[in-house]
Amino acid sequence: MRLGSGTFAACCVVIEVLGVALFLRGFFPVPVCSFSGTEHQTESPAPEPSAGAISNWTKLPPPLFSKVVIMLIDALRDDFVFGSKGVKFMPYTTYLVEKGSSHSFVAEAKPPTVTMPRIKALMTGSLPGFIDVVRNLNSPALLEDSVVTRAKAAGKRIIFYGDETWVKLFPKHFLEYDGTTSFFVSDYTEVDDNVTRHLDKVLKRRDWDVLILHYLGLDHIGHVSGPSSPLIGRKLSEMDSVLMKIHASLLSEERETLLPNLLVLCGDHGMSEAGGHGASSVEEVNTALILISSAFERKPGDVRHPKYIQQTDLAATLSIGLGLPIPRGSVGSLIFPVVEGKPMREQLRFLHLNTVQLSKLLQENVPSYRKEPGFEQFKVSERLHGNWIRLYLEENNSEVLFNLGSKVRRQYLDALRTLSLSLSRQAAQYDVYSMAAGTVLVLEVVALLLLCVPQALSGKAELDIPLLSPVSSLLFYLLLLALAALHVVMCTSSDSSCYLCSLPWLAAGGVMVLISTLLCAVVSALTGMFAAGRRLSKNPPPSNSRWSELDLLILSGTVGHVLSLGASSFIEEEHQTWYFLVNTLCLALCHEIYRNCFVGDDCAPQRCPHAGEEFDGVAAAPQGKSTGPDVWELDRASKHPSPLEALRGPERWMVLVSPWVILSCCRLLRSLNQTGVQWAHRPDLGHWLTSSDHKAELSVLATVSLIMIFVLVQKRCSLASKVAMAFGLLGIYCYRVAVGNLLFPWQQNNKDISKGITEARFVYVFVLGILFTGTKDLLRSQITADDFTVKTVGLWEIYSGLVLLAALLLRPHNLPVLALSLIIQTIMTHFVWRPLRHDAAEVTVMHYWFGQAFFYFQWFGAESCLLLLRADLFYSSFCVYRFGDIPALSFIYMECVFSKTSL
């Protein structure tokens, strides 16, 4: 079968996408969910079990609380409430936890610990999926069953103020709402004032049943300054006063109602030591949860220490408290202390409803649910419950009834824990069959591409793949029969659900046909390659090409890094891989420089500068025009090379010491920020600089870094861009002073000048101005093709605008990373790449290596990485780069592209 190269490439891309999608479908667990349709919304609750007697309790229990107020404080870490900060800054909350009518818990949030999935877990009781990380940026309407949906269907009047994510998730559920945006992380005052300003009015009203408040200020302070910032204490004090106001209002209102009210104080996720969230560290997953109500009166001497629960347990608890059915997809269990003071029959009724809901969810998601220990425990509990109901209806109030009730209660609680654990484990289970099929597809396509590249690049640009030959056809049918038999065995013997097994036979057969066809194509291509190799071995063509040691290092290092991503341990400590590769690269460059300078390298004349040429190797520009930014001649066909030993004076010494200077800079930057999983908690220079006691030192360091950035970037810009760059860098310093990170020389205290919004907008104006000027020069150079200077200046101005943007987004203690990266790039360009005349491929890979290393140099405490290890949900590590700490080198190392474009 003959295919054009374009058709072949298009088919490979389509199959590659299919294989990757199939692999991801098996690798990322599908969230446990209920498959019941909307017609079951009004489904009757499970009746009370009975043994021989007829129970008269077939409806949902009445609500336990008249009103519910949910006060969600974003990034409320457990030690902010139960630790020393809580005692110091939240005295009223501490009193309620230690002596008041409350139950306190440490709620564990499963990763990813970002806002939208956590809200979803709190309201639906389900475990979030990986796709929810992407949806966190623009949350769609939540279609799953939830507490809010159930409350709305039951006629509950819900009011919401706070993070607009709730409004996006529940667009038609609130009687009244006022959403606040979460993207202005520098604003930690107005974003909460816009919530609190409604309280005085809404607490006096009687036209609502559920009030939800979501405060963002604490999370914003964490992102900007970290958990050790003095602003944290002030914000906790503010939240404590808000809690006291709400609690006092609910207590005064209870005098006019029959039922008590419930106040829930909780966090959606925690906060890492760097101030971010998203990963699975203890600080990020442990959140505070306090249930406050007059129904939780404690007896004298009753000490209630915070207990550990799952965050998903809140959905079932709120549903029971409001007299609503538990959301069908909830994997959480009832927080039992909430109903502990109720009569035994009501306690067992609540527990029975929860276990029935979890058992139904288990039946819908686990084919072999009857073998699950939790299901067996549920059946035993239900049978014992029926016996207890029979004795209860016989009006037997003896001690036997109480002991049996206590036994049934313990049995229900054990069943709830086991069922919840089974469902959580199901949500984190690999679909190995789908993963294997996707991997085979991808590997087959990659092998076929590698084998057919020479034919695709030939003059005819055609590929001859003899799929229709008799041998290939026989192999095809044998493979197809083997795969069909394997499919039958996998689908009939697997205890868990497989995606391929759930597909129709026609679709699954199509996948098997595709795998067989590709394998036949690979075998055919291999046969042709071996045949051609035997013919060429008789008459080998002359070859002048030779791989240098540096080429082998670059290839082996890049391939080795790709292979290392197959192990979760290497992913967790990926920065160590890049540190090793960059250090090894510097040593290899040092070896190459010394060999060329002192020994010479006659076998590689292309790496030596021309005799009579200038050392910098700048290409000759048209007459009357200046050269481009760091443009070097890469002509490898020179006829009169000379070794590096021809260099004399300071240039020679700079070439000799440049690798050691780069190594020293990299080692210095490694001590700035601890990253990874094993060492993120260790103290580093970044923590020392960001502490409130060292603002003066940080201010001096930031000033020096900004000056260095200006000197290194502005040299080839136009006068207008130089002025804009200077004012932009000055605006960055003013912005950091405004948000409390730095100090002015004349500033004597730490009082913030403003919120920094005006200063940040000031810098953005200059960034856009520089980018606009550079783009305009580029467009003008396209009209006047001979105007080389305009094109060069335009490229450099775009580059400088991106550097200015990176300086604004980086934290102040990471500004030295940006400055040193510019210095290293300048050294590499002038004293390594030019004299050694590395080709474009080598320079590009070196840019990539240094870019990855510098990303981890400025990665403050690994805060942005979702290390969703599958010890929690058996996830592998995936990084979501937080907007505030972008990889600096992704902007800086664009100079190679600019230089090649100028040529």
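Going by the structure above, here's the rest.
Basis of the calculations
- Residues numbered from 1 in each chain as written.
- Predicted model: local features only at pLDDT ≥ 70, side-chain atom pairs only at ≥ 80, totals over all residues.
- Heavy atoms only, no water.
- Disulfide = S-S within 2.5 Å.
- Helix = DSSP H or I, 4+ residues; strand = E, 2+ residues; numbered from the N terminus.
- Buried < 20%, exposed > 50% of the residue type's maximum accessible area, 1.4 Å probe, protein only.
- Pairing = 2+ DSSP bridges.
- Axes fitted to C-alpha atoms, helices over the stretch in contact; angles between N-to-C directions.
- Contact = heavy atoms within 4.5 Å.
- Salt bridge = Lys/Arg side-chain N within 4 Å of Asp/Glu carboxyl O.

1. Let's talk about the state of the cysteines
Scanning the entire structure with this criterion turns up one disulfide. Here C491 connects covalently by a disulfide to C501, the sulfurs 2.1 Å from one another. Handedness of the C491-C501 disulfide follows from its S-S torsion of about -90°: it is left-handed. Of this pair, C491 sits in helix α19 (residues 470-493) while C501 sits in helix α20 (residues 499-502), placing them ten residues apart in sequence. Relative accessible area serves as the criterion here: at 28%, C491 is assigned to the partly exposed category. Judged by its relative accessible area of 25%, C501 falls in the partly exposed class. No disulfide involves C12; its sulfur sits 7.0 Å from that of C11, the nearest cysteine. By relative accessible area, which is 6% here, C12 ends up buried. Unpaired in this structure, C586 has its nearest cysteine sulfur neighbour in C666, at a distance of 5.4 Å. Among the residues examined, C586 registers a relative accessible area of 1% and is labelled buried.

2. Considerations on the sheet that holds strand β7 (residues 262-266)
Here we have eight strands laid out as an open sheet, ordered β5-β4-β6-β2-β7-β8-β3-β9, and mixed in their pairing. Looking along the sheet, the strands with just one partner apiece sit at the ends: β5 (176-180) and β9 (307-310). Here the average twist between neighbouring strands, direction ignored, is 15°. Here strand β2 (residues 68-73) runs beside β7; their pairing, made up of five bridges, is parallel. The partner of V68 across the bridge, within β7, is L262. Across the face of the sheet, helix α12 (residues 230-253) comes into contact with β2, β6 (210-215), β7 and β8 (286-292) while running at roughly 180° to β2.

3. Considerations on the pattern of salt bridges
The tally for this structure, following the rule as stated, stands at 21 salt bridges. Here D178 ties to R197 by a salt bridge, and the two come within 2.8 Å at their closest N and O atoms. In this pair, D178 is assigned in strand β5 and R197 in the loop between α9 (190-196) and α10 (199-204), connecting sequence segments 19 residues apart. According to the relative accessible area criterion, R197 is exposed, its value standing at 51%. Here K245 ties to D200 by a salt bridge, and the two come within 3.3 Å at their closest N and O atoms. One end of the pair, K245, is in helix α12; the other, D200, is in helix α10, and 45 residues separate them in sequence.

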